[in-house]
Every structure is written in structure tokens, then in C-alpha cells.
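Chains, contacts and geometry: an overview
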Amino acid sequence: MTRVSGLLLALVLGLSSSSGAGAAPAMDWLFPAGANRGGTVEVTAGGKFDQWPARFVCNHPGVKVSPLKEKGKLSIQVAANAQPGPCLIWAVDDSGPGNSRPFVVGHLPGVTAREPDNEPSSALPVTIPAVVEGKLEKSGDVDCFTVELKAGQTLVASLMANHLLGSPMDAVMQVVSPAGIVLAQNNDAGSLDPEIVFRAETAGAYIVRLFAFPSAPDSSIRFAGGDSYIYRLTLTTGAFARHAWPLSVGKAQATAHVVGWNIGGDSADGKVIAKSPSGQGLVWSDGWANWVPVVLVPGESGLCQPETMATRPLPLSISAEALGKDAAQIRVVLAKGKQYRLQARSSGLGLTMFPSIRLMDPAGKVVKTFEPKGLHEDLDTTLQAAVDGQYLLEIREAHGIAGDRRVCLVTLGEIKPDFNPMLGAETVVAEAGKPGVMTVSLNRTGGLSGPPRFRLEGLPEGMPWRAEPDKDATKPVKIILGADNNTRAFSGPVKLFASVDDIPEKQVWAGSSYPGLQVMEPWVHLPPAKPMAKEEAKPAKPMEKKK
């Protein structure tokens, strides 16, 4: 229970490229970590701000952040038509830009947790549906909330903390009776964040209780807490999406199907929103309490059923569920000598299946069994067909475990020339009077070998910049911004675009693959050259007399 996505961890800690500038703002957390559409909320930014007020920037066009008079206090205004989902906020001052922190645009009524609420007797009453903005403030802290349920109602209690907010907590959630009897408990639901689906057999008051351990275990055995142990707890008896089904949709598709709880017929359609350059989107509807990720694919999406043995065209995009020890089977036609990319995604979509894929050749011989490298990782590998013909893919859960979230998305397609341009950092801060350096990894595939071309928007007219590719095409390209002894200052966002051969131009980006957590416009800070200090006159040494 100690995993944190590497990309998300880097994002939360703040990707930056600095050459020794002064202390830029450093944000450790935002509380509350979200606000509703059409609302304005006062937020406390924890961290270090040597200059106040700083300028605050958000990558969501519907979110406006304004510093208040008191240091560390912000006013965040969310437009009524703002798109729900996570976004990024960071601070900039005369020393340059700081790290980013995630913030969430929501749409359910908000409630702020308060102390004391450690015991069922002091639990905070919550009218559902609602999102509780809370914090486990200190070691040993426990938060309790009372909800009223009717007989037969299904309560969904879902926590957002470690996975998207980057809180250093491994939470445990319980539903207990007013007398403290535990009725349901969950530790993880596709990430370190728990989720409980609880059906009330009798009408009455129920307590949702929350506590946490540190996500990075230490030598102590205790409930943990602190200023950065921030969470958003969704409580609802209304519609709640579990996952998209299928887990992928065509890139041009505007809607997607989902399955979940308290949704008509246990399934419904939602809108595809917040597409990211990594090929993910979010599915959401006004009547739901949440959104879920979906993968955007070039071809058609389908469902894989057990023992169907159906032949599917490439590129393949198929969603499969764990069937205990049984396997879902499909056939694909592969060509001798061609390279193919095979992916199986579950953990990256907030799901829990550990996929195991066995590939069998046209003669029925097992070629190889493919599995993720780690327990909470997704499969991403390549394969090459030895002969032409129909191959069989057998998809199963490696441990033979079935369940609501034990599903995965399997994609297979021929590897063609392409590239994915990624920034090495979300900010660039140069030394005074020196150029800034931005690094770009092109991540080429399919033998793409042509020289890269770049286009940059946002620098002042006349300010020089250039690209310096490495002799090794697999290594990052350096983008040099400004010049030595530059007397012109610049601090602001820029856009960088890359192209290789005849592949259409792509915008370079940094951050997580989760929609809304991308930096598409890195902030560049180029201070002017400092004036040369006059050397203090030194007293002349007395001349020695000649003997």
C-alpha cells in the first residue's frame, strides 16, 4: 500500500529546471483543495512565500486565483460553466515560478470538516450529496461524519487524497454504527485512496470514519496527520460512476458508456471532457457525483467475452473483465517481422486487475505470457510475429480474482513512425543574464529518425532562442532561451511545438497523463544581467626603499 505514480509524484513535488535563481515560491498544499462551479472559496496555501503578494496562475481557463492581504491566503473563483475535474495552480514572483499544486473543480455542495470530530458522538452531520473538504491535522487524528440513510439506500463514500491531490497519506475508511460497530471498511480502491459502497438495511444514522497511515511507511505504527494530509470525501446516495465500459472510445466520439452505482440500470452515458495529449479523457454527466477516465483510441472499441474466439482487426482496443481462472479469448492477424505494441491498462485507470496475457501462434504454441513488471503497474511492451497468420490472445487476471474493478483495457497495434514530445520540466528559471535551458524528449517510435523542428510562441519579439539536438537522437533536445549577458528580462508562459519528418506538429507538454494535470505552457523566467559592481579602490602599498 505504498505506491505513488512516478509522474504524479514528480508533478506534486514540482518539476522545475533552475540555474541558481533566488528562492521562488514553494507551495506544499492548498486547503481546501477544490471549489464548486460558480462559487468562490478562500483557500490557504501552505509553503514558503518570500514575496507577498505573489502572482497565482491556473491552467484551467475557468479558475481565477487572487492573493488576499494575509500572506498565504487566496481567493479562488470558479466560473459557473467551468469544466469539472482537476487542474494545476502555481505561484510566480520576482524570483520566478514555483511548483504546481493540484486543485479540483467540483459540482456537489461543499462541506468543510471541523474539530472535534474524532468520535462517532462528535461526528459532523453531513447532508448528502456533498463533498467534505477535510484535513487530518495531526498524528492520531480521526475524522467522523454522520449521514442519514433510508432502508435500502446505497451510500457511496469515495476519498480523493493521495492519487490526485498528492497527499502523503494511505487512508482507511469505515462505515460504523452510532455505537462504533464497524459495518464496512476499505483501504484501497485502485489507488491508496479508499472507497466504500454500503447498502443500508435499516433506516437511521450511519458514521463514515476516516484515518490514515503515512504513504511512505516509517518505523512507527500510528495514525498519521499533518498540514499536508488534505482530502476531498464524496458522500452520495445518487449516481456514481465506477468506470467507463468499454474503457476506451474513438477519438471523435463525444459520449461514452459507464457502469456504476445508483445509475439507471447500473449503466448510463456521459460526455467525454478534458482530453489530454496523452490520449486520455474524462467521462462526466451533470447527474453524477464524479467523473471517470477513458482512453481515446484511433479505431473502434469493443468488449471481450469469455471463449468467444472472435477475430478482431488491428488496431485492437478491447476491454476485458477478470473471470476467475477462465480467460477471455480473441484472435488477431499478425504479419511476420512486423513490430507491434501491446498494452494492458488497469491500475493507471484507477482499477485493480493484474492482467496476464498469453500469446499463442497459428500452430497453437505458446509464444509468451506478458504481465506488468510490478504489482500496481500497467503492461506496455512490444512483440514481433515470427510467422504470418492468426494469433490467439488469452486475457486473464493473473491471480484468478474477480471483482467490480478487476477489468482492463488491452490495445494492440503495429508500431509506426511517430513521436511524443515531453518537457523535462514545467518551469525554466535562468541565472541573471544567462539563457534558460528547456529540455525536450521526443520519445520516437517506429524508426522515426529525421531531425526535429521546433516553433516557439510567447517570447518577446527579437529575443533569441535556438534548438540544440544531441548527436544521439534518443537523447533530449536542449532549447536555449535568451542569450549570455542578456539585458532584457522576461517572465511568462510560452508554447513550444515540435515536428519530425511529415508527422503533423505537436505541442510539447509536461506532467501527469491524467486529464487536467498537464502543463501545456511552461513558465520561463529570464532575469536581466546584473550591473557590474565597481571594484573598491585598494590602497597603494608603500614603496620599499632601496638599500
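Reading the values: the criteria
- Residues numbered from 1 in each chain as written.
- Predicted model: local features only at pLDDT ≥ 70, side-chain atom pairs only at ≥ 80, totals over all residues.
- Heavy atoms only, no water.
- Helix = DSSP H or I, 4+ residues; strand = E, 2+ residues; numbered from the N terminus.
- Rg over C-alpha atoms; globule rule 2.2 N^0.38 Å.
- Buried < 20%, exposed > 50% of the residue type's maximum accessible area, 1.4 Å probe, protein only.
- Contact = heavy atoms within 4.5 Å.
- Areas by Shrake-Rupley, 256 points an atom, 1.4 Å probe, with all protein chains shown as cover.
- Pairing = 2+ DSSP bridges.
- Core = buried A, V, L, I, M, F, W, Y, C linked by side-chain atoms within 4.5 Å.
- Axes fitted to C-alpha atoms, helices over the stretch in contact; angles between N-to-C directions.
- Salt bridge = Lys/Arg side-chain N within 4 Å of Asp/Glu carboxyl O.
- pLDDT = per-residue confidence, 0-100.

1. What to know about the overall build of the protein
Within the protein one finds two helices and 47 strands. At 27 Å, the protein has a C-alpha radius of gyration in line with the 24 Å of a compact globule built from 547 residues. Referenced to the eigenvectors of the C-alpha coordinate spread, the extents of the protein come out at roughly 105 × 70 × 50 Å. Counting only residues that meet the buried cut, the protein has 51% of its 547 residues in that class. In the protein, of all internal contacts separated by at least 6 residues, the share reaching a separation of at least 24 is 67%. When the accessible surface of the protein is split by element, carbon and sulfur atoms take 51% of a total near 25,100 Å².

2. A word on the sheet that holds strand β34 (residues 389-397)
Sheet architecture is open: five strands sit in the order β27-β29-β34-β31-β32, paired in mixed fashion. Taken across any chain shown, the strands that pair with only one partner, and hence form the sheet edges, are β27 (310-311) and β32 (366-370). Note: β27 against strand β29 (residues 328-334), two bridges, orientation parallel. Opposite T311, over in β29, you have R331 as the bridge partner.

3. Notes on the nonpolar core
Among soluble globular proteins, nonpolar side chains are generally buried collectively. Grouped together as the largest cluster of nonpolar side chains are 31 residues, with contacts concentrated most on V126, M169, Y231, L233 and L235. Those elements that provide at least two residues to this core are β12 (130-135), β13 (143-149), β14 (154-160), β15 (169-176), β17 (195-199), β18 (204-214) and β19 (230-236).

4. Describing the sheet that holds strand β4 (residues 40-48)
Sheet architecture is open: four strands sit in the order β2-β4-β7-β6, paired in antiparallel fashion. Each edge of the open sheet is held by one strand with a lone partner, namely β2 (26-31) and β6 (63-67). Put simply, the sheet's adjacent strands are angled 30 degrees from each other on average, direction ignored.

5. Quick word on unusual backbone geometry
A negative phi angle characterises most non-glycine residues, just as the trans form characterises most peptide bonds. Cis peptide bonds are those with omega within 30 degrees of zero, and the linkage from F31 to P32 qualifies with -5 degrees. The residue P32 is located in the loop between β2 and β3 (34-36) in this model. Of note, the amide linkage connecting L314 to P315 takes the cis form, showing an omega dihedral of 0 degrees. Its location among the elements puts P315 in the loop between β27 and β28 (316-321). If you check the backbone angles, N262 has positive phi at about 60 degrees while not being a glycine. Locating N262 in the fold gives a position in the loop between β22 (255-261) and β23 (267-273). Positive phi values are uncommon outside glycine, yet N443 reaches one of about 50 degrees. On the secondary structure map, N443 appears in the loop between β38 (436-441) and β39 (452-457).

6. Points about the pattern of salt bridges
Throughout the structure, instances matching the rule amount to 15 salt bridges. A salt bridge links E521 to K495, with the nearest nitrogen and oxygen atoms 4.0 Å apart. You can see E521 sitting in the loop between β46 (518-519) and β47 (523-526) and its partner K495 sitting in strand β43 (residues 495-500), a full 26 residues away along the chain. Take K495: its relative accessible area is 29%, and that puts it in the partly exposed class. Ionic contacts of the salt-bridge type, sharing partners, join the residues R358, E394 and R396 into one network.

7. As for the environment of R345
Here R345 shows up in strand β30 (residues 339-345). A residue is classified by how much of its surface remains accessible, and R345, at 18% relative accessible area, is buried. A C-alpha to C-alpha distance of 21 Å links R345 and M160, two positions 185 residues apart in sequence. With sequence-adjacent residues up to four places away left out, R345 is seen in contact with V295, D378, V407, C408, L409 and T411.

8. Things to note about the confidence of the model for the protein
Per-residue confidence for the protein averages 90 on the pLDDT scale, and 92% of its residues sit at or above 70. Residue range residues 1-21 is modelled with pLDDT below 50. Its contacts to residues more than four positions away, or to other chains, number 58 contacts.

9. Description of the pairing of strand β8 (residues 85-93)
Within β8, nine of the nine residues are buried, leaving the element largely enclosed by the surrounding structure. Relative to β8, strand β5 (residues 55-58) is paired through four bridges, and the arrangement is antiparallel. Following the sheet pairing, C58 is matched in β8 by I89. In the sheet, β8 pairs with strand β9 (residues 96-106) via eight bridges, with the strands oriented antiparallel. Residue pairing in the sheet places L88 in a bridge with P102 of β9.

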